[in-house]
Amino acid sequence: MSPKSNYNSGDSLSGSKNPASIAVTSPQQLVKTQVSFEEDLKNFTDGTVPQSLVIATVIGVVCGIAANIYYKILFSALNFIWHDVPTKYIEGHLPGFICILWIPVIGYCMALLSGLTVKYMGEPGDLAYTIKCVHEKGYISMDHVLPMVCASQFGILGGGSLGPEAPLVAICAALGGFVSRVIFKRTDRNIIRKHTLMGMAGALAAFFGCPLGGSLFALEVNSRFGVEYFEHMVESILCGEITLSVFRSLAGLPIAPIWTISSTKLLGATPTEVMMGACIGLIGAGLAAVFKKFHMIIMDKLKQRDLLNESNAPKRALFGATVVVILGMLIPQTMFWGEFEFQTISTMSPTNTLEHIWPKRGALGFQMNNGFECLIVAFGKLIAISCSVAGGYRGGFIFPFFASGAAFGRAFCTVFPSIPVSLSCLSFAAAINVGITRTCLATPIILCFLAGEPNAMSGILAASLASLVATTYMPFINTQQPREDMQVCIFPDISSSSNSSCVPQPSTVNDFTDEEKSLL
């Protein structure tokens with residue numbers, strides 16, 4: 001017997017009966033518990049708290065183990081290729097002008113392997129594809145997991161400006177849907193979608209080390225303006241906590257900040273700093289718009305040459321590698337995904353503090369000594385990101401945008417030295433990332449955690465909100481869309497249909513068709 005809802009089916013808040021403008025929602029849709037915890041656990045009813053706890057735990061453990069395996073393979077290969085081999089067998093044995101060739105040798109080889117993976121193992125998908133699947137099917141096919149693992153690792157090992165975050169999101173999303181459909185035999189589309197979002201949240205929570213920020217990012221990134229799958233938020237954050245604990249314990253990683261931008265932490269925030277953050281947000285939104293325009297030009301050129309065809313994936317990857325390699329040889333700070341490079345860039349430290357690249361000095365000995373050189377790094381990083389994506393590399397651009405934003409922040413501080421360095425770097429990082437990914441709530445939380453700057457939150461949030469509003473009508477990830485079961489949404493014309501709305505359509509009902517069920 002279901003408990004009574006707080007909503008009376010015939011009354012509006014004003015007391016009128018059955019108002020035409022108010023949709024009536026049955027009590028069954030408003031509750032997550034039916035009778036008692038024990039009874040719900042025994043019946044294992046869809047949507048109840050006991051079911052969510054059990055499945056979140058299973059998905060969290062599975063995704064934590066998967067993320068650890070991915071992490072161990074990636075960093076073992078990174079250390080072998082970029083540390084062990086060159087330092088043991090090349091450094092000191094060959095002249096410096098020969099050593100610099102290690103960058104193109106590895107860059108081209110890994111790019112070719114990434115392209116061959118796409119051509120012969122199949123399309124791994126990307127973040128846009130993952131978001132599309134969340135909206136349309138509610139899950140990602142397991143067929144994409146192995147190609148994604150191989151293609152993304154080759155791209156990262158080659159120094160591409162894309163990181164492990166998006167591959168882990170896709171992999172854990174597929175695992176979450178698999179656990180739901182195959183292990184727990186769920187057939188309701190929205191329930192499976194919830195478990196897929198749990199996997200996505202777990203991946204980002206584990207990767208960033210920030211369970212609230214990472215989980216919110218996984219929910220926000222599906223839409224253009226805030227969290228629309230709000231009913232799945234708590235369960236997704238719970239799964240994020242579990243995945244974080246499993247992954248970090250297995251990998252031996254602390255749950256702590258990883259950057260120290262300034263020796264002096266911000267002791268508080270002022271209204272002036274909030275306004276500064278908002279102004280930086282508008283500048284960052286402009287930079288995001290420039291990036292999108294540049295990237296669209298590159299993609300159009302590749303399309304004209306038929307390089308976007310899956311059969312031409314190796315050629316496309318070699319194009320991306322050419323730009324990545326040249327930039328890496330001239331500006332070493334642009335190589336790799338930026339998680340570790342952020343520290344060097346934000347503090348304008350010498351290149352010998354870079355984590356992965358070898359040789360660290362580059363071909364010209366480039367260093368960040370002034371504002372102009374900071375701008376070179378900032379724009380060079382944006383070009384590297386664009387060409388990595390255009391080249392078909394598989395990976396995430398969250399950390400790469402953070403790194404570019406840090407360089408812009410340092411350049412900004414040379415013009416306005418009164419602005420705290422940490423606020424400038426983190427606000428630019430947030431503004432550019434939000435302008436592209438539309439994640440204005442998660443991004444400030446993640447950045448404040450990673451930098452250990454909680455008092456910068458007000459300014460960074462202002463930058464994020466300003467960027468979100470300024471880029472509202474400039475979508476970069478085209479598959480971001482409103483959920484179709486919302487009766488009111490901010491983008492009612494998202495589909496090409498002249499009568500489009502957010503009213504549920506026959507193709508998006510929760511229950512799978514018989515044909516779809518046969519594929520589960």
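Report follows, based on the coordinates. (Residues numbered from 1 in each chain as written. Predicted model: local features only at pLDDT ≥ 70, side-chain atom pairs only at ≥ 80, totals over all residues. Heavy atoms only, no water.)

Glancing now at the overall build of the protein. Looking only at helices and strands, one finds 19 helices and zero strands in the protein. Within the protein, the fraction of its 520 residues that count as buried is 56%. For the protein, long-range pairs separated by at least 24 residues make up 74% of all intrachain contacts whose partners lie at least 6 apart in sequence. Working note: accessible area of the protein is about 21900 Å², and carbon and sulfur atoms make up 63% of it. (Helix = DSSP H or I, 4+ residues; strand = E, 2+ residues; numbered from the N terminus. Buried < 20%, exposed > 50% of the residue type's maximum accessible area, 1.4 Å probe, protein only. Contact = heavy atoms within 4.5 Å. Areas by Shrake-Rupley, 256 points an atom, 1.4 Å probe, with all protein chains shown as cover.)

What follows is about the side chain of R394. Turning to its location among the elements, R394 is positioned in the loop between α14 (371–390) and α15 (398–415). Of the residues examined, R394 reaches a relative accessible area of 8% and is grouped as buried. Polar contacts involving the side chain of R394 include one to the side chain of E123, which spans 2.3 Å. Within the local environment of R394, its side chain forms a polar contact with the backbone oxygen of G392, the two atoms lying 2.5 Å apart. The residues touching R394, leaving out its near neighbours within four places in the chain, are V118, E123, P124, G125, M148, A151, S152, L162 and P167. (Polar contact = N/O pair within 3.5 Å; in protein donor to acceptor, adjacent residues only side chain to side chain.)

A cis geometry characterises the amide bond from W358 onward to P359, with omega recorded as -5°. Positive phi outside glycine occurs at F44, with the angle close to 50°. Within the secondary structure, F44 sits in the loop between α1 (37–43) and α2 (49–89). Classification of F44 by relative accessible area gives buried; the value is 18%.

At a closest axis distance of 9 Å, the pairing of helix α9 (residues 211–220) and helix α10 (residues 233–251) adopts a crossing angle of 130°. With respect to α10, the element α9 is oriented oblique. Considering how the two elements wind past one another, α9 and α10 form a crossing that is right-handed. Residues P211, L212, S215, L216 and L219 of α9 lie in contact with α10, whose contacting residues are M233, S236, I237, G240, E241 and L244. (Axes fitted to C-alpha atoms, helices over the stretch in contact; angles between N-to-C directions. Parallel < 35°, antiparallel > 145°, perpendicular 65-115°, else oblique. Left-handed = near helix turned anticlockwise from the far one by under 90°.)

General note: in soluble globular proteins, nonpolar side chains tend to be found buried as a group. In terms of nonpolar packing, the biggest core is built from 125 residues, with W82, F208, F397 and F402 touching the most fellow members. The dominant element in this core, judged by the number of residues it contributes, is α2, at 14 residues. What W82 contacts, discounting residues up to four positions off in sequence, is W102, I103, I106, L157, M335, F336, H356, I357 and W358. I298, L302, L307 and A390 belong to the second-largest nonpolar core, a separate cluster that totals five residues. (Core = buried A, V, L, I, M, F, W, Y, C linked by side-chain atoms within 4.5 Å.)

Before going further, it helps to spend a moment on the pattern of salt bridges. Taken as a whole and assessed by the stated rule, the structure comprises four salt bridges. Ionic pairing is found between R186 and D46, a salt bridge with its closest N-O pair at 2.6 Å. With a gap of 140 residues between them, R186 in the loop between α7 (165–183) and α8 (189–208) and D46 in the loop between α1 and α2 connect regions that are remote in the sequence. Accessibility expressed as a relative area gives 33% for D46, which makes it partly exposed. Here E235 makes a salt bridge to K194, at a shortest N to O gap of 3.5 Å. Separated by 41 residues along the polypeptide, E235 in helix α10 and K194 in helix α8 bring together distant segments of the chain. Like K194, E235 is buried. (Salt bridge = Lys/Arg side-chain N within 4 Å of Asp/Glu carboxyl O.)

The subject of this paragraph is a nonpolar patch on the surface. Together, F37, L41, V49, L53, V54 and L238 make up an exposed nonpolar region whose accessible area comes to about 420 Å². The set of elements that each furnish at least two residues to the nonpolar patch consists of α1 and α2. At three residues, the largest contribution of residues to the nonpolar patch is made by α2. Mapping V54 onto the fold places it in helix α2. (Patch = residues over 30% accessible without salt bridge, like charges linked within 9 Å, V, L, I, M, F, W, Y side chains within 5 Å.)

Further remarks concern the state of the cysteines. Counting across every chain of the model gives zero disulfides. Considering cysteine sulfurs only, C425 is the nearest to C413, which forms no disulfide, with 5.9 Å between them. The exposure class of C413 is buried, given its relative accessible area of 9%. (Disulfide = S-S within 2.5 Å.)

Residues that lie three or four places apart on an α-helix share one face, since the helix turns once every 3.6 residues. For helix α6 (residues 145–157), with 13 residues, the first-to-last C-alpha span of 18 Å sits near the 18 Å given by 1.5 Å per residue. Within α6, burial applies to V145, P147, M148, A151, S152, Q153, G155, I156 and L157. Lining the buried residues of α6 we find α2, α4 (102–121) and α7. Just past α6, the residue G159 takes up positive phi, approximately 90°. (Expected span 1.5 Å × (residues − 1).)

Inspection of the entire model under this criterion finds 22 aromatic pairs. Taken together, a centroid distance of 5.1 Å and an interplanar angle of 85° make the contact between F291 and F401 edge-to-face. Taken together, the positions of F291 in helix α11 (residues 271–304) and F401 in helix α15 put the pair 110 residues apart, joining distant regions of the chain. One exposure class covers both F291 and F401, and it is buried. Ring centres of F408 and F428 lie 6.2 Å apart, and the angle between their planes is 25°; this geometry places the pair in the stacked category. You can see F408 sitting in helix α15 and its partner F428 sitting in helix α16 (residues 421–437), a full 20 residues away along the chain. Through successive ring pairs, a cluster of aromatic residues spans F207, F208, F217, W259, F342, F399 and F402. The ring of Y139 carries the charged tip of R181 above its face, separated from the ring centre by 3.9 Å. Stacked on the ring of F230, the Lys or Arg R483 has its end atom at 5.6 Å from the ring centre. (Phe/Tyr/Trp six-rings, centres within 6.5 Å; stacked < 30°, edge-to-face > 60°. Lys NZ or Arg CZ within 6 Å of the ring centre and 35° of its normal.)

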